[in-house]
Amino acid sequence: MSMRFCILGSGSAGNSALLVTEGARVLVDAGFSARKLERLLAAAGESLDRIDAVFLTHEHGDHAAAVDGLKRFPRIKLFANAATARAIQSGLSHRPAWQIFETGARFDFRDLEVHSFTVPHDAHDPVGFRFASGRDGDLFSPRRSLAWLTDLGHAPAHLHEHLRECDVVVVEANHCPALLQADLKRPWSTKQRIGGRHGHLSNAAASELLGSVASPRWRKVYLTHLSRDCNSAAAVTTALAGVRAILACEFTIVGAGEGTPFYEL
């Protein structure tokens, strides 16, 4: 086994995923209360007692809400860049075991190779991650990699290289523009932010990104961070029909508030 991966929850109410390798159990984001995160992990057969680290993309609550509650688990290391750590620390009642990296850096944590890369979002210094583990040519633990790419208003060209060489891609398909504009709950300013270049990817933008890379290496693509009010699985399916026709990989649409079973890379 090189990696096992599952999404614990996805959407504006909270985002977090679990990545398990031979030598580490880590969370990618922790956007629920620590108590709810414990329940989600228990449903996946894991617990916070067994988590080694959390990798944080940015400071927004739907990605970092659990951090204060993790003070009960001081052994958990928190990886973030300096701007994200400062933004989160200002609201904490304790000082976590911060592990500060520079955006764009490549570093190792146990048997995980981690690449961070900048993404355009309305946070202090938001990032995406590419994780790799395993060994080239190893029959029992082959090298596998996964890209985590959520919360971005558009997809700059530098993202393509991070997606191209991955086995699994997690990317947001946040909203359907027509449903967003028709929504009666959100003021115009919020709609402008969501649909702007530092907001969230629309279904069409996610489809364009995947189609422009279209790597034959991909084994699975997760479409995540769907808006509960301004998107639907049917809208995502329609928008991605062309991309799905040219790619041989499996697609999983993760609805708002939903998680997924484990997938072994």
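Preceding block: the structure.
Residues numbered from 1 in each chain as written. Predicted model: local features only at pLDDT ≥ 70, side-chain atom pairs only at ≥ 80, totals over all residues. Heavy atoms only, no water.

Details of the overall build of the protein
Now for step 1: The helix and strand inventory of the protein stands at 9 helices and 14 strands.
Now for step 2: At 17 Å, the protein has a C-alpha radius of gyration in line with the 18 Å of a compact globule built from 265 residues.
Now for step 3: Looking at the 265 residues of the protein, the share that counts as buried comes to 55%.
Now for step 4: Long-range contacts, defined here as pairs at least 24 residues apart, represent 62% of the contacts in the protein between residues at least 6 apart.
Now for step 5: Within the protein, one finds 29 positive and 28 negative side-chain charges whose respective centroids are separated by 4 Å. (Helix = DSSP H or I, 4+ residues; strand = E, 2+ residues; numbered from the N terminus. Rg over C-alpha atoms; globule rule 2.2 N^0.38 Å. Buried < 20%, exposed > 50% of the residue type's maximum accessible area, 1.4 Å probe, protein only. Contact = heavy atoms within 4.5 Å. Lys, Arg positive; Asp, Glu negative; His and termini not counted. Charge placed at Lys NZ, Arg CZ, Asp CG, Glu CD.)

A word on the sheet that holds strand E13 (residues 250–253)
Now for step 1: Read from one edge to the other, the open sheet built from 7 strands follows the order E7-E8-E9-E10-E11-E12-E13, with strand pairing classed as mixed. In this open sheet, the two strands that pair with only one neighbour each are strand E7 (106–109) and E13. Taking each pair of neighbouring strands and ignoring which way they run, the sheet shows an average axis angle of 20 degrees.
Now for step 2: Relative to strand E12 (residues 220–224), strand E11 (residues 168–172) runs parallel, the two sharing 5 bridges. Note on E12: the bridge partner recorded for Val 171 is Leu 223. (Pairing = 2+ DSSP bridges. Axes fitted to C-alpha atoms, helices over the stretch in contact; angles between N-to-C directions.)

A closer look at the pattern of salt bridges
Pairing between side chains of opposite charge can happen when their charged atoms approach one another.
Now for step 1: In this structure the tally under the stated criterion is 16 salt bridges.
Now for step 2: For Arg 135, the salt bridge goes to Asp 138, with nearest N and O atoms at 2.9 Å.
Now for step 3: Its relative accessible area of 44% is what places Arg 135 among the partly exposed residues.
Now for step 4: Residue classification places Asp 138 among the partly exposed positions, given a relative accessible area of 23%.
Now for step 5: In this structure, Arg 217 engages Glu 165 in a salt bridge whose closest nitrogen and oxygen atoms are separated by 3.8 Å. A residue pair is termed long-range when its members are at least 10 positions apart, and Arg 217 in the loop between helix H7 (203–213) and E12 and Glu 165 in the loop between helix H4 (158–164) and E11 qualify at 52 residues.
Now for step 6: The exposure class of Arg 217 is partly exposed, given its relative accessible area of 30%. (Salt bridge = Lys/Arg side-chain N within 4 Å of Asp/Glu carboxyl O.)

A short note on unusual backbone geometry
Now for step 1: In the Ramachandran plot, Ala 214 falls in the positive-phi region, its phi being about 45 degrees despite a non-glycine side chain.
Now for step 2: We note that His 225 has phi near 60 degrees; this positive angle belongs to a residue other than glycine.

Topic: the side chain of Ser 202
Now for step 1: Locating Ser 202 in the fold gives a position in the loop between helix H6 (188–195) and H7.
Now for step 2: Ser 202 has contacts with His 175 and Pro 177, leaving out every residue within four places of it along the chain.

Some thoughts on the pairing of E11
Within a regular beta strand, the side chains point alternately toward one face of the sheet and then the other, so they alternate between its two faces.
Now for step 1: Counting buried positions along E11 gives 5 out of 5 residues, so the element sits mostly inside the fold.
Now for step 2: Burial along E11 is two-sided: Val 168, Val 170 and Glu 172 facing one way and Val 169 and Val 171 facing the other are all buried.
Now for step 3: Taken together, the 4 bridges between strand E10 (residues 144–149) and E11 define a ladder with parallel strand orientation. Its bridge partner lying in E11, Trp 148 is registered against Val 170.
Now for step 4: Considered for its hand, the β-α-β crossover made up of E10, H4 and E11 is right-handed. (Right-handed = clockwise from strand over helix to strand, strands pointing away.)

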